[in-house]
Amino acid sequence: MTEKTKKYSSSLQITLLRGFWFGLLLSFLSAVVSYFLFLVLPGELTGGLYRIFRWPWVVGPGMVLGIALVFFRRTTVEIAGEQVLIHRVGHRECFELDGFLRPSVTRKAHIGSYSKWITVKCYLVFEKQGEIRKIRLYGFREKELETVLAALKREQTELLTEEEKTEVVGRYSEAAAEALIYHTEGENEFHLPAPVLIAKEWACLKKISLVVAGVVIIVGILDVRAALAGGAFSFQLLYLTLLASMLLILLLAVGAGLHIKRKHCAEKVIIGGEYLLVGEQYYPYSQIQKIRLTSPRKQSSSVFPVQHYLYVTGWEGTRKYWLGSDVSFPEYGILCKKLEQALAFWPDKQIYAFQKKSGSVSN
């Protein structure tokens, strides 16, 4: 196994952006608090604080302080052989690679008057001296977390002996062979018939559509009543009406998109010991260049479920397959785990992605 140290940190651009907003928030709060203190307790001290933290002169120092604080908390993960080092300014911890248990992602939605934003916290969970440790990766997004997980998986795979790898792959060969002989569905065989997936996705969209349509009707009635009553025109109601109408149009577009997804539906996926069968397409692992899937840890930031895709790159190009969503295919996470185990000999061939990748795709 290579002893070369691999380092992973959060995106520099994202870190600067977070520092910018954090600094802006610090500046605003400082200006408000100093002004409030000067009004409640007028005096030389509070007057001096008010002059120091007066808006907008406080913005510049606040930005510098905010960016510095975010950089100080920026976490770096280093993988060197069988050691995993996680550190930031003032904090440093070392773990054994075989002590890594799982990742953890916490998402929290914040809803304002006219907006919604989501904060994401990423963790790595280790076992150290009989104790479970959950380590926060400050500044990491889910995309950076997936990169670290892929590196950890590669290093863990290299720790396996050839006998252990053969044993893992052999279990898949036996399961696939038994399913073929006895015409049963093995634990590594997944069926995704397009009509079933489309029906489940439509059922989910219908529930969302009913709620949105109800909001559009109620807000529209309130708008009409306000206009007929001759009262002041409500820009807030108009904003809500336009927002709800746009969401309803988006629902119709998503529904139409389901028919496009139908032609990319995988129909069935069989994970064998030495091959991958998607639909009627047979892929020997030795001839696959790359398998890219939507991350099973990706969560939706809207009312629509995350759609899962599988991209298989071989000598004939890249083929795209639709695997539904958690609504229509809840076993997606199991499929990803089974595929990881089947590719024990080729850990670099499977990657997870959070966004579409440009390139030629054949149907």
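Residues numbered from 1 in each chain as written. Predicted model: local features only at pLDDT ≥ 70, side-chain atom pairs only at ≥ 80, totals over all residues. Heavy atoms only, no water.

A. View of the overall build of the chain. The secondary structure content of the chain amounts to eight helices and 16 strands. By residue count, 39% of the 363 residues in the chain fall in the buried class. Across the chain, the fraction of contacts at a sequence separation of at least 24, relative to all contacts at a separation of at least 6, is 65%. Surface accessibility of the chain: about 21200 Å² in total, with carbon and sulfur atoms responsible for 62%. (Helix = DSSP H or I, 4+ residues; strand = E, 2+ residues; numbered from the N terminus. Buried < 20%, exposed > 50% of the residue type's maximum accessible area, 1.4 Å probe, protein only. Contact = heavy atoms within 4.5 Å. Areas by Shrake-Rupley, 256 points an atom, 1.4 Å probe, with all protein chains shown as cover.)

B. A look at the pairing of strand β9 (residues 267-271). Relative to β9, strand β8 (residues 189-192) runs antiparallel, the two being bridged by four bridges. The residue bridging E189 from the neighbouring strand is I270, located in β9. The antiparallel hairpin formed by β9 and strand β10 (residues 275-278) contains three residues in its connecting segment. (Pairing = 2+ DSSP bridges.)

C. Structural view of the sheet that holds strand β3 (residues 83-88). Spatial ordering of the open sheet is given by β1-β2-β3-β4, a layout of four strands whose pairing is antiparallel. Edge positions in the open sheet fall to β1 (6-9) and β4 (91-96), since each of these has one partner strand only. Put simply, the sheet's adjacent strands are angled 15° from each other on average, direction ignored. Pairing geometry for β1 and strand β2 (residues 76-80), over four bridges, is antiparallel. Its bridge partner being in β2, K6 is matched across the sheet by I79. (Axes fitted to C-alpha atoms, helices over the stretch in contact; angles between N-to-C directions.)

D. Geometry of helix α2 (residues 44-52). Of the residues making up α2, those classed as buried are T46, G47 and G48. Looking at the packing, one finds that the buried side of α2 touches α1 (12-40).

E. Focus on the side chain of S104. Within the secondary structure, S104 is located in strand β5 (residues 100-111). Excluding anything up to four places from it in sequence, S104 contacts K121, C122, Y123, V125, K134 and L145.

F. Seen up close, the side chain of S325. Checked against the element boundaries, S325 lands in strand β14 (residues 317-325). Note on S325: relative accessible area 0%, which makes it buried. Every residue in contact with S325, bar those within four places of it in the chain, is listed here: E201, P305, V306, Q307, H308 and P330.

G. Structural context of the sheet that holds strand β11 (residues 281-284). Strands sit in the order β8-β9-β10-β11 across an open sheet of four strands; the sheet is antiparallel. The open sheet has two edge strands, β8 and β11, and neither has a second partner. Ignoring which end each strand starts from, the neighbouring axes of this sheet average 10° apart. Pairing geometry for β9 and β10, over three bridges, is antiparallel. Among the inter-strand pairings, I271 is bridged to a residue of β10, identified as L276. This element, helix α8 (residues 332-342), spans β8, β9 and β10 of the sheet and lies at about 35° to β9.

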